[in-house]
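# Observations on the three-dimensional arrangement
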Amino acid sequence: MTVASSRGARQQRIVDLLGEHAVRSQIQLLELLAAEGIEVTQATLSRDLVELSAERVRVGKSLIYAVPGEGGDRTVRPAPEAREVSRRLAARCQELLVSAATSANLVVLRTPPGAASFLASAIDHGQVDGVLGSIAGDDTIMLITEGPTASETVAATLLSLSGKDPA
């Protein structure tokens, strides 16, 4: 993982971490950042959370940090449970994945017209092992992976979730 070298990069990583983990305290968030090589003071982290409009929301009996969604929906949402994320990814693959092809460290996925961004979002949030990032068009997604072996594994995993056989 690359160290966040700017305030914007650090704040984006904070948003990502709050979306991935049920963070109960600033200390816990400092530890998550430090584990990735991002050293920040508690005062700076506190300012970042204010700038990001982070709030503590009740989930069960605990309070956890959450940030508003992007775009039109600015509702503060806590990190989803891993089960929910994997169910969402499997459902999106079943509904939307038409085909998958690999080339070196790339996986090219096909979807029905207009559906690529929905599947790409599910893959991004599903944190599929070996995927470094995604680019979505109208009906095509390009996944950048850690290498040729990862590409084959990712394609097979997504096709398996979709219920389609590898071609």
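Here, every reference points to the structure presented above.
A short tour of the structure in this document, coming up. (Residues numbered from 1 in each chain as written. Predicted model: local features only at pLDDT ≥ 70, side-chain atom pairs only at ≥ 80, totals over all residues. Heavy atoms only, no water.)

### Brief notes about the nonpolar core
In terms of nonpolar packing, the biggest core is built from 20 residues, with L109, L119, I123, L143 and L158 touching the most fellow members. For this core, the elements supplying multiple residues, two or more each, are helix 4 (82–96), strand 5 (106–110), helix 5 (116–126), strand 7 (140–145) and helix 6 (148–162). The element contributing the most residues to this core is helix 5, with five residues. For L109, the contacting residues outside a window of four places in its chain are L97, S99, A100, L119, I123, D139, T140, I141, L143 and L158. (Core = buried A, V, L, I, M, F, W, Y, C linked by side-chain atoms within 4.5 Å. Buried < 20%, exposed > 50% of the residue type's maximum accessible area, 1.4 Å probe, protein only. Helix = DSSP H or I, 4+ residues; strand = E, 2+ residues; numbered from the N terminus. Contact = heavy atoms within 4.5 Å.)

### Remarks on the pattern of salt bridges
Per the counting criterion, the structure on display carries seven salt bridges. Taking the shortest distance from any N to any O, the salt bridge between E95 and R92 comes out at 3.5 Å. Here E95 and its partner R92 are both found in helix 4, three residues apart, which amounts to about one turn of the helix. R92 sits in the partly exposed class, given a relative accessible area of 25%. Among the charged side chains, a network of salt bridges with common partners joins R13, D16, E20 and E36. (Salt bridge = Lys/Arg side-chain N within 4 Å of Asp/Glu carboxyl O.)

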